[in-house]
Amino acid sequence: MSLDQITQQMSQRVKPGAIDATVKFDFGDDGQIFVDGNAGTVSNEDAEADCTITISMDNFIALSSGDLDPTTAFMMGKLKVKGNMGVAMKLQSILG
């Protein structure tokens, strides 16, 4: 699955007010996805966010398909959260 495919799928799930914050998924060299939960928009811009989640593209795909538990990923260091941890806890609705 490519960055464009993930961005498109996430765009279909994010509605205005879905989450009351901005979130950036940082995939390192594979790019990033920026979610503005207030406006309900998803893009690939590299902007400052209330919460930044650093994760590999493979681990993100496993996470969004349910093959990787978010708590386990966090504890194992496969997922890192910077900023508002409360925002990260609300992301299930847009991940799949």
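Below you will find a few notes about this structure. (Residues numbered from 1 in each chain as written. Predicted model: local features only at pLDDT ≥ 70, side-chain atom pairs only at ≥ 80, totals over all residues. Heavy atoms only, no water.)

Examining the overall build of the protein
Part 1 of the argument: A tally of helices and strands in the protein yields five helices and five strands.
Part 2 of the argument: For the protein, the sequential pattern of α-helices and β-strands runs α-β-β-β-β-α-α-β-α-α.
Part 3 of the argument: Whereas a compact globule of 96 residues would reach a radius of gyration of roughly 12 Å, the protein reaches 12 Å, a difference of no more than 12%.
Part 4 of the argument: Viewed in the frame of its principal axes, the protein has a C-alpha envelope of about 30 × 25 × 25 Å.
Part 5 of the argument: Within the protein, buried positions represent 40% of all 96 residues.
Part 6 of the argument: Taking the contacts inside the protein whose residues are at least 6 apart along the sequence as the reference set, 57% of them involve residues at least 24 apart.
Part 7 of the argument: Summing over all exposed atoms, the protein offers an accessible surface of approximately 5400 Å²; the carbon and sulfur share of this is 48%.
Part 8 of the argument: Taking the 7 positively charged and 13 negatively charged side chains of the protein as two groups, their mean positions are separated by 5 Å. (Helix = DSSP H or I, 4+ residues; strand = E, 2+ residues; numbered from the N terminus. Rg over C-alpha atoms; globule rule 2.2 N^0.38 Å. Buried < 20%, exposed > 50% of the residue type's maximum accessible area, 1.4 Å probe, protein only. Contact = heavy atoms within 4.5 Å. Areas by Shrake-Rupley, 256 points an atom, 1.4 Å probe, with all protein chains shown as cover. Lys, Arg positive; Asp, Glu negative; His and termini not counted. Charge placed at Lys NZ, Arg CZ, Asp CG, Glu CD.)

Some remarks on the pattern of salt bridges
Oppositely charged side chains can pair when the atoms bearing their charge come close.
Part 1 of the argument: Counted by the stated rule, this structure contains one salt bridge.
Part 2 of the argument: Note that Asp46 and Lys24 form a salt bridge whose closest N and O atoms lie 2.7 Å from each other. Of this pair, Asp46 sits in the loop between β3 (41–43) and β4 (51–55) while Lys24 is found in strand β1 (residues 22–26), placing the two residues 22 residues apart along the sequence.
Part 3 of the argument: Residue classification places Asp46 among the exposed residues on the basis of a relative accessible area of 57%. (Salt bridge = Lys/Arg side-chain N within 4 Å of Asp/Glu carboxyl O.)

Re helix α2 (residues 57–64)
Part 1 of the argument: Inspection of α2 places Met57, Asn59, Phe60, Ala62 and Leu63 among the buried residues, and these make up the whole buried set.
Part 2 of the argument: Looking one or two places after α2, you find Gly66, whose phi comes out positive at around 90°.

Regarding a nonpolar patch on the surface
Part 1 of the argument: On the surface, a cluster of nonpolar side chains totalling about 600 Å² of accessible area is made up of Phe74, Met75, Met76, Met85 and Met89.
Part 2 of the argument: Taken together, the elements giving at least two residues each to the nonpolar patch come down to α3 (70–75) and α4 (85–89).
Part 3 of the argument: Here Phe74 falls in the partly exposed class, since its relative accessible area comes to 37%. (Patch = residues over 30% accessible without salt bridge, like charges linked within 9 Å, V, L, I, M, F, W, Y side chains within 5 Å.)

Regarding helix α1 (residues 3–13)
Part 1 of the argument: Of all the positions in α1, only Leu3, Ile6, Thr7 and Met10 are classed as buried. The buried residues of α1 occupy an angular sector of 100° when the element is viewed end-on, so they sit on one face. For α1, exposure combined with an orientation more than 90 degrees from the buried face picks out Asp4, Gln8 and Gln12. (Arc of directions from axis to C-beta.)

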